[in-house]
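Residue-level structure breakdown
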Amino acid sequence: MDVTQASAECETVLDEIGSAVICERDFLETVLLGVVGRGHVLLEDVPGTGKTLTARSVATALGLSFSRIQFTPDLLPSDVTGTHVFNEQERQFEFNEGPIFANIVLADEINRAPPKTQAALLEAMEEGQVTVDGETRQLPQPFFVIATQNPVEQEGTFPLPEAQVDRFLVKTSMGYPDEAGEIELIHRRRARDEMSPSVDTVFEPEHVVQLRSVPETVRMDDDLVEYVVTLARKTRADGRIEVGVSPRGTQRLFEAARAYATIVGREYVTPDDIKRVAHPVMAHRLVLTPDATVNSVSKSQIVDTVLESVPVPTVD
(Lines give C-alpha, C1' and ligand atoms only; values in the text may rest on other atoms or scores of the structure.)
Protein backbone atom coordinates (compact mmCIF):
# COMPACT_ATOMS: atom_id res chain seq x y z
CA MET A 1 0.00 0.00 0.00
CA ASP A 2 1.44 3.39 -1.02
CA VAL A 3 0.68 6.83 0.40
CA THR A 4 -1.94 7.68 -2.23
CA GLN A 5 -3.88 4.50 -1.61
CA ALA A 6 -3.55 4.89 2.16
CA SER A 7 -4.93 8.44 1.99
CA ALA A 8 -7.89 7.29 -0.11
CA GLU A 9 -8.61 4.52 2.39
CA CYS A 10 -8.43 7.00 5.26
CA GLU A 11 -10.87 9.33 3.51
CA THR A 12 -13.32 6.46 3.10
CA VAL A 13 -13.04 5.59 6.79
CA LEU A 14 -13.47 9.21 7.86
CA ASP A 15 -16.54 9.61 5.65
CA GLU A 16 -18.09 6.44 7.05
CA ILE A 17 -17.48 7.42 10.67
CA GLY A 18 -18.70 10.95 9.94
CA SER A 19 -22.00 9.51 8.73
CA ALA A 20 -22.66 8.30 12.29
CA VAL A 21 -20.83 10.77 14.53
CA ILE A 22 -21.68 14.48 14.58
CA CYS A 23 -18.35 16.21 15.15
CA GLU A 24 -15.62 18.23 13.50
CA ARG A 25 -13.58 16.52 10.79
CA ASP A 26 -10.38 17.53 12.58
CA PHE A 27 -11.43 15.50 15.62
CA LEU A 28 -11.90 12.33 13.57
CA GLU A 29 -8.54 12.92 11.87
CA THR A 30 -6.89 13.18 15.30
CA VAL A 31 -8.44 9.89 16.41
CA LEU A 32 -7.33 8.27 13.17
CA LEU A 33 -3.81 9.51 13.88
CA GLY A 34 -3.73 6.96 16.68
CA VAL A 35 -4.52 4.15 14.26
CA VAL A 36 -2.16 5.25 11.49
CA GLY A 37 0.61 6.35 13.88
CA ARG A 38 0.55 3.14 15.92
CA GLY A 39 -0.40 4.98 19.07
CA HIS A 40 -3.29 5.39 21.50
CA VAL A 41 -5.83 8.17 21.99
CA LEU A 42 -7.03 9.87 25.17
CA LEU A 43 -10.40 11.64 24.93
CA GLU A 44 -11.35 14.12 27.63
CA ASP A 45 -14.90 15.37 27.40
CA VAL A 46 -18.18 15.64 29.23
CA PRO A 47 -20.64 12.70 29.06
CA GLY A 48 -23.00 12.38 26.13
CA THR A 49 -20.84 13.86 23.37
CA GLY A 50 -20.32 10.58 21.48
CA LYS A 51 -16.98 9.23 22.71
CA THR A 52 -18.19 5.63 22.95
CA LEU A 53 -19.96 5.86 19.60
CA THR A 54 -16.76 7.19 18.02
CA ALA A 55 -14.67 4.30 19.35
CA ARG A 56 -17.21 1.69 18.26
CA SER A 57 -17.59 3.31 14.83
CA VAL A 58 -13.82 3.33 14.28
CA ALA A 59 -13.64 -0.38 15.13
CA THR A 60 -16.55 -1.27 12.85
CA ALA A 61 -15.31 0.80 9.92
CA LEU A 62 -11.87 -0.79 10.17
CA GLY A 63 -13.27 -4.30 10.52
CA LEU A 64 -11.57 -4.81 13.90
CA SER A 65 -12.74 -6.47 17.09
CA PHE A 66 -13.93 -4.09 19.80
CA SER A 67 -14.37 -4.27 23.56
CA ARG A 68 -15.44 -1.71 26.16
CA ILE A 69 -14.16 -1.63 29.73
CA GLN A 70 -16.10 0.52 32.18
CA PHE A 71 -13.51 1.60 34.73
CA THR A 72 -14.82 1.78 38.31
CA PRO A 73 -13.12 2.11 41.73
CA ASP A 74 -13.60 -1.62 42.43
CA LEU A 75 -12.19 -2.82 39.09
CA LEU A 76 -9.29 -5.27 39.52
CA PRO A 77 -6.34 -5.79 37.15
CA SER A 78 -7.58 -9.33 36.43
CA ASP A 79 -10.89 -7.84 35.29
CA VAL A 80 -8.92 -6.17 32.49
CA THR A 81 -6.26 -8.73 31.59
CA GLY A 82 -8.09 -11.98 32.36
CA THR A 83 -7.53 -14.75 34.87
CA HIS A 84 -7.03 -18.51 35.23
CA VAL A 85 -10.15 -20.58 35.89
CA PHE A 86 -10.16 -24.23 36.95
CA ASN A 87 -11.69 -26.57 34.36
CA GLU A 88 -13.23 -29.44 36.29
CA GLN A 89 -13.53 -31.65 33.20
CA GLU A 90 -9.90 -31.26 32.19
CA ARG A 91 -8.74 -31.01 35.82
CA GLN A 92 -6.49 -28.08 35.05
CA PHE A 93 -6.49 -24.29 35.04
CA GLU A 94 -7.35 -22.50 31.81
CA PHE A 95 -6.79 -18.86 30.98
CA ASN A 96 -9.90 -16.80 30.32
CA GLU A 97 -8.99 -13.75 28.26
CA GLY A 98 -10.07 -10.38 29.59
CA PRO A 99 -11.58 -7.55 27.54
CA ILE A 100 -8.09 -6.23 26.80
CA PHE A 101 -7.81 -8.98 24.16
CA ALA A 102 -9.37 -7.01 21.31
CA ASN A 103 -8.04 -4.88 18.46
CA ILE A 104 -9.66 -1.68 19.72
CA VAL A 105 -10.27 -1.30 23.46
CA LEU A 106 -12.38 1.51 24.86
CA ALA A 107 -11.16 2.27 28.39
CA ASP A 108 -14.18 4.26 29.55
CA GLU A 109 -13.56 6.79 32.34
CA ILE A 110 -10.08 5.45 32.90
CA ASN A 111 -9.42 7.85 35.78
CA ARG A 112 -12.10 6.18 37.92
CA ALA A 113 -10.07 2.99 38.36
CA PRO A 114 -7.40 2.70 41.10
CA PRO A 115 -3.73 3.07 40.08
CA LYS A 116 -3.08 -0.69 40.27
CA THR A 117 -5.73 -1.32 37.62
CA GLN A 118 -4.60 1.63 35.51
CA ALA A 119 -1.11 0.14 35.58
CA ALA A 120 -2.47 -3.06 34.05
CA LEU A 121 -2.83 -1.08 30.83
CA LEU A 122 0.76 0.17 30.79
CA GLU A 123 2.37 -3.02 29.53
CA ALA A 124 -0.46 -3.58 27.07
CA MET A 125 -0.18 -0.09 25.61
CA GLU A 126 3.59 -0.04 25.34
CA GLU A 127 4.43 -3.65 24.49
CA GLY A 128 1.22 -5.09 23.02
CA GLN A 129 1.22 -7.86 25.62
CA VAL A 130 0.04 -8.68 29.13
CA THR A 131 1.64 -10.77 31.86
CA VAL A 132 -0.65 -12.83 34.09
CA ASP A 133 0.72 -15.12 36.80
CA GLY A 134 4.20 -14.81 35.31
CA GLU A 135 3.08 -15.83 31.82
CA THR A 136 3.27 -13.32 28.99
CA ARG A 137 0.54 -13.33 26.36
CA GLN A 138 0.53 -11.36 23.12
CA LEU A 139 -2.45 -9.15 22.34
CA PRO A 140 -4.15 -9.28 18.93
CA GLN A 141 -2.61 -7.05 16.29
CA PRO A 142 -3.27 -4.31 15.55
CA PHE A 143 -3.91 -3.17 19.12
CA PHE A 144 -5.25 0.29 19.87
CA VAL A 145 -6.61 1.90 23.07
CA ILE A 146 -9.12 4.75 23.16
CA ALA A 147 -9.38 5.97 26.75
CA THR A 148 -11.87 8.54 28.01
CA GLN A 149 -11.87 10.91 30.96
CA ASN A 150 -14.62 13.07 32.38
CA PRO A 151 -13.27 16.58 33.17
CA VAL A 152 -16.09 17.16 35.68
CA GLU A 153 -17.14 15.16 38.77
CA GLN A 154 -13.58 14.58 39.95
CA GLU A 155 -14.66 13.12 43.32
CA GLY A 156 -13.47 9.55 43.69
CA THR A 157 -11.15 9.65 40.68
CA PHE A 158 -7.48 8.71 40.37
CA PRO A 159 -5.57 11.06 38.03
CA LEU A 160 -3.43 9.21 35.51
CA PRO A 161 0.29 9.25 36.38
CA GLU A 162 2.51 11.11 33.95
CA ALA A 163 4.17 7.85 32.90
CA GLN A 164 0.85 6.61 31.59
CA VAL A 165 -0.34 9.89 30.07
CA ASP A 166 2.94 9.97 28.12
CA ARG A 167 2.02 6.69 26.44
CA PHE A 168 -0.92 8.24 24.60
CA LEU A 169 0.04 9.46 21.17
CA VAL A 170 -2.62 12.17 21.19
CA LYS A 171 -5.14 13.71 23.57
CA THR A 172 -8.18 15.49 22.19
CA SER A 173 -11.82 16.29 22.88
CA MET A 174 -14.99 16.35 20.80
CA GLY A 175 -16.69 19.35 22.34
CA TYR A 176 -20.36 20.14 21.87
CA PRO A 177 -21.71 20.18 18.31
CA ASP A 178 -22.86 23.52 16.96
CA GLU A 179 -26.57 24.27 16.66
CA ALA A 180 -26.80 22.95 13.11
CA GLY A 181 -24.99 19.78 14.14
CA GLU A 182 -27.31 19.20 17.07
CA ILE A 183 -30.35 19.68 14.86
CA GLU A 184 -28.88 17.21 12.38
CA LEU A 185 -28.38 14.78 15.27
CA ILE A 186 -32.10 14.90 16.05
CA HIS A 187 -33.05 14.46 12.39
CA ARG A 188 -30.82 11.39 12.14
CA ARG A 189 -32.28 9.95 15.31
CA ARG A 190 -35.83 10.50 14.06
CA ALA A 191 -35.12 8.64 10.83
CA ARG A 192 -34.00 5.32 12.37
CA ASP A 193 -35.33 2.68 14.74
CA GLU A 194 -32.11 1.99 16.66
CA MET A 195 -30.72 4.22 19.38
CA SER A 196 -27.21 4.07 17.89
CA PRO A 197 -26.48 4.69 14.19
CA SER A 198 -24.83 1.94 12.19
CA VAL A 199 -21.51 2.07 10.39
CA ASP A 200 -20.46 -0.16 7.51
CA THR A 201 -17.16 -2.03 7.45
CA VAL A 202 -14.89 -0.56 4.79
CA PHE A 203 -11.61 -2.20 5.79
CA GLU A 204 -10.17 -5.63 6.36
CA PRO A 205 -7.93 -6.21 9.41
CA GLU A 206 -5.02 -7.02 7.10
CA HIS A 207 -5.41 -3.62 5.43
CA VAL A 208 -5.07 -1.89 8.80
CA VAL A 209 -1.71 -3.58 9.34
CA GLN A 210 -0.59 -2.39 5.91
CA LEU A 211 -1.91 1.11 6.56
CA ARG A 212 0.09 1.42 9.78
CA SER A 213 3.30 0.63 7.90
CA VAL A 214 2.84 3.39 5.29
CA PRO A 215 4.08 6.32 7.47
CA GLU A 216 7.47 4.60 7.62
CA THR A 217 7.87 5.50 3.93
CA VAL A 218 7.04 9.20 4.44
CA ARG A 219 10.07 11.50 4.22
CA MET A 220 10.94 14.13 6.79
CA ASP A 221 13.91 16.31 5.87
CA ASP A 222 16.68 16.95 8.38
CA ASP A 223 15.70 20.58 8.95
CA LEU A 224 12.21 19.46 9.94
CA VAL A 225 13.66 16.82 12.25
CA GLU A 226 15.62 19.61 13.95
CA TYR A 227 12.41 21.67 14.08
CA VAL A 228 10.60 18.84 15.90
CA VAL A 229 13.43 18.45 18.41
CA THR A 230 13.64 22.21 19.00
CA LEU A 231 9.90 22.41 19.71
CA ALA A 232 10.15 19.64 22.30
CA ARG A 233 13.26 21.07 23.97
CA LYS A 234 11.71 24.54 24.07
CA THR A 235 8.97 23.25 26.39
CA ARG A 236 11.62 22.15 28.91
CA ALA A 237 13.05 25.68 29.08
CA ASP A 238 9.71 27.40 29.74
CA GLY A 239 9.55 28.74 33.31
CA ARG A 240 5.86 27.85 33.57
CA ILE A 241 6.59 24.18 32.93
CA GLU A 242 7.81 21.81 35.61
CA VAL A 243 8.18 18.86 33.21
CA GLY A 244 8.38 19.39 29.46
CA VAL A 245 7.95 17.05 26.52
CA SER A 246 9.96 13.86 27.05
CA PRO A 247 12.21 12.25 24.44
CA ARG A 248 9.40 9.75 23.91
CA GLY A 249 7.15 12.72 23.21
CA THR A 250 9.63 14.01 20.64
CA GLN A 251 9.47 10.69 18.84
CA ARG A 252 5.68 10.71 18.99
CA LEU A 253 5.58 14.19 17.43
CA PHE A 254 7.77 12.87 14.62
CA GLU A 255 5.54 9.81 14.16
CA ALA A 256 2.30 11.80 14.31
CA ALA A 257 3.54 14.26 11.67
CA ARG A 258 4.35 11.41 9.30
CA ALA A 259 0.99 9.77 10.05
CA TYR A 260 -0.85 13.01 9.28
CA ALA A 261 1.04 13.39 6.00
CA THR A 262 -0.12 9.88 5.15
CA ILE A 263 -3.75 10.74 5.91
CA VAL A 264 -3.67 13.77 3.62
CA GLY A 265 -1.82 11.83 0.89
CA ARG A 266 1.63 13.39 0.92
CA GLU A 267 4.91 11.48 0.69
CA TYR A 268 6.78 14.09 2.71
CA VAL A 269 6.20 16.12 5.87
CA THR A 270 5.70 19.88 5.83
CA PRO A 271 5.98 22.38 8.73
CA ASP A 272 2.19 22.73 8.65
CA ASP A 273 1.84 18.99 9.32
CA ILE A 274 3.96 19.36 12.45
CA LYS A 275 1.96 22.39 13.60
CA ARG A 276 -1.29 20.52 12.95
CA VAL A 277 -0.38 17.68 15.32
CA ALA A 278 1.59 19.72 17.88
CA HIS A 279 -1.31 20.47 20.23
CA PRO A 280 -2.81 16.96 20.50
CA VAL A 281 0.65 15.40 20.80
CA MET A 282 2.45 17.85 23.09
CA ALA A 283 -0.06 19.55 25.40
CA HIS A 284 -0.97 16.55 27.57
CA ARG A 285 2.71 15.76 28.17
CA LEU A 286 3.34 19.07 29.94
CA VAL A 287 3.29 19.41 33.72
CA LEU A 288 2.64 22.97 34.87
CA THR A 289 4.32 24.60 37.85
CA PRO A 290 2.07 25.41 40.83
CA ASP A 291 2.29 29.13 40.01
CA ALA A 292 1.18 28.53 36.42
CA THR A 293 -1.72 26.41 37.64
CA VAL A 294 -2.83 29.11 40.09
CA ASN A 295 -2.60 31.72 37.34
CA SER A 296 -4.83 29.59 35.08
CA VAL A 297 -2.17 29.14 32.41
CA SER A 298 -3.34 26.54 29.92
CA LYS A 299 -1.11 23.95 28.31
CA SER A 300 -2.52 24.92 24.94
CA GLN A 301 -1.29 28.49 25.46
CA ILE A 302 2.21 27.22 26.14
CA VAL A 303 2.21 25.11 22.98
CA ASP A 304 1.09 28.21 21.04
CA THR A 305 3.95 30.19 22.59
CA VAL A 306 6.47 27.52 21.63
CA LEU A 307 5.17 27.33 18.05
CA GLU A 308 5.40 31.12 17.73
CA SER A 309 8.91 31.35 19.19
CA VAL A 310 10.60 28.65 17.10
CA PRO A 311 11.47 29.73 13.54
CA VAL A 312 9.87 27.58 10.85
CA PRO A 313 12.35 26.00 8.40
CA THR A 314 12.15 27.54 4.93
CA VAL A 315 13.35 26.39 1.55
CA ASP A 316 16.41 28.27 0.38
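Residues numbered from 1 in each chain as written. Predicted model: local features only at pLDDT ≥ 70, side-chain atom pairs only at ≥ 80, totals over all residues. Heavy atoms only, no water.

This structure, assessed with the given rule, holds 15 salt bridges. Three or more residues are tied together by salt bridges with common partners; here these are Glu11, Asp15 and Arg25. (Salt bridge = Lys/Arg side-chain N within 4 Å of Asp/Glu carboxyl O.)

Moving on, we get to the environment of Glu109. Tracing the chain through its elements places Glu109 in the loop between strand 5 (104-108) and helix 5 (115-127). For the pair Glu109 and Ala147, spaced 38 residues apart in sequence, the C-alpha separation works out to 7.0 Å. If sequence neighbours within four positions are ignored, Glu109 has contacts with Gln70, Phe71, Thr148 and Asn150. In terms of polar contacts, Glu109 uses its side chain to reach the side chain of Gln70, at 3.1 Å. (Helix = DSSP H or I, 4+ residues; strand = E, 2+ residues; numbered from the N terminus. Contact = heavy atoms within 4.5 Å. Polar contact = N/O pair within 3.5 Å; in protein donor to acceptor, adjacent residues only side chain to side chain.)

Before going further, it helps to examine the packing of helix 9 (residues 222-236) against helix 11 (residues 271-282). To describe two helices that pack against each other, one gives the angle between their axes and the distance between the axes. Running from amino to carboxyl end, helix 9 crosses helix 11 at an angle of 30°, the nearest separation of the two axes being 11 Å. On the basis of the axis angle, helix 9 is roughly parallel to helix 11. Pair helix 9 / helix 11 crosses with right-handed handedness. Contacts between helix 9 and helix 11 involve Leu224, Tyr227, Val228, Leu231 and Thr235 from the first element and Pro271, Ile274, Lys275 and Met282 from the second. Broken down by class, the residue content of the contact of helix 9 with helix 11 amounts to 7 nonpolar, 1 polar and 1 charged. (Axes fitted to C-alpha atoms, helices over the stretch in contact; angles between N-to-C directions. Parallel < 35°, antiparallel > 145°, perpendicular 65-115°, else oblique. Left-handed = near helix turned anticlockwise from the far one by under 90°. Nonpolar A, V, L, I, M, F, W, Y, C, P; charged D, E, K, R; others polar.)

Let us look at the packing of aromatic side chains. Applying the stated rule across the entire model yields 1 aromatic pair. The interplanar angle of 70° and the centroid separation of 5.9 Å between the aromatic rings of Phe95 and Phe101 together place this pair among those described as edge-to-face. Residue classification places Phe101 among the buried positions, given a relative accessible area of 14%. Directly above the ring of Phe95 sits Arg137, whose terminal nitrogen or CZ lies 4.0 Å from the centroid. Taking NZ or CZ as reference, Arg266 lies 5.8 Å from the ring centre of Tyr268, over its face. (Phe/Tyr/Trp six-rings, centres within 6.5 Å; stacked < 30°, edge-to-face > 60°. Buried < 20%, exposed > 50% of the residue type's maximum accessible area, 1.4 Å probe, protein only. Lys NZ or Arg CZ within 6 Å of the ring centre and 35° of its normal.)

Backbone-to-backbone hydrogen bonds join strands into a sheet, with any given pair of strands oriented parallel or antiparallel. The 5 strands lie next to each other as 2-5-8-1-9, forming an open sheet whose pairing is parallel. Looking at which strands have only one partner, the edges of the open sheet turn out to be strand 2 (66-70) and strand 9 (170-172). Adjacent strand axes in the sheet meet at a mean angle of 15° when their direction is disregarded. Pairing geometry for strand 2 and strand 5, over 5 bridges, is parallel. (Pairing = 2+ DSSP bridges.)

Turning our attention to the state of the cysteines. This structure, assessed with the given rule, holds 0 disulfides. Cys23 supplies the cysteine sulfur nearest to Cys10, a cysteine that is in no disulfide, at a spacing of 16 Å. Classification of Cys10 by relative accessible area gives buried; the value is 1%. (Disulfide = S-S within 2.5 Å.)

When the pLDDT values of the protein chain are averaged, the result is 85; 96% of them are 70 or greater. No element of the protein chain has a lower mean pLDDT than helix 7 (residues 179-190), at 77, and none a higher one than helix 10 (residues 247-263), at 93. (pLDDT = per-residue confidence, 0-100.)

This part takes up the pairing of strand 1 (residues 41-44). Both strand 1 and strand 8 (residues 144-149) contribute to a ladder of 4 bridges, which runs parallel. Of the residues in strand 8, the one forming a bridge with Val41 is Ile146. Of the pairings in the sheet, the one linking strand 1 to strand 9 comprises 3 bridges and is parallel in character. Along strand 9, the bridge assignment pairs Val41 with Val170.

For the peptide bond that leads from Gln141 to Pro142, omega is 0°, which places it in the cis range. With a phi angle near 50°, Glu109 is a residue other than glycine that sits in the positive phi range. Backbone geometry at Ser296 places phi at a positive 60°, although glycine is not the residue there. Within the secondary structure layout, Ser296 lies in the loop between helix 12 (290-294) and helix 13 (299-309).

This part takes up the side chain of Arg285. Among the secondary structure elements, Arg285 is positioned in the loop between helix 11 and strand 11 (287-288). Looking at Arg285, its side chain comes within polar contact range of the main-chain oxygen of Leu169, at 3.3 Å.

What follows covers the nonpolar core. Counting residues in each nonpolar core, the largest one holds 67 residues, and the members touching the most others are Leu62, Leu231 and Ile274. With residues near it in sequence (within four places) discarded, Leu231 still touches Leu253, Ile274, Met282, Val306, Leu307 and Val310. Counting residues in each nonpolar core, the second largest holds 25 residues, with Ile69, Phe95, Ala107 and Phe143 among its members. (Core = buried A, V, L, I, M, F, W, Y, C linked by side-chain atoms within 4.5 Å.)

This brings us to helix 10. Compared with an ideal rise of 1.5 Å per residue, which puts 17 residues at 24 Å, helix 10 spans 25 Å between its outermost C-alpha atoms and is within 8% of the ideal. In terms of burial, helix 10 is largely enclosed, as 12 of its 17 residues are buried. Residues of helix 10 that are buried: Gly249, Thr250, Arg252, Leu253, Ala256, Ala257, Arg258, Ala259, Tyr260, Ala261, Thr262 and Ile263. In this fold, the buried residues of helix 10 make contact with helix 1 (3-18), helix 2 (25-36), helix 5, helix 9 and helix 11. Positive phi shows up at Gly265, right after helix 10, with a value of about 85°. (Expected span 1.5 Å × (residues − 1).)

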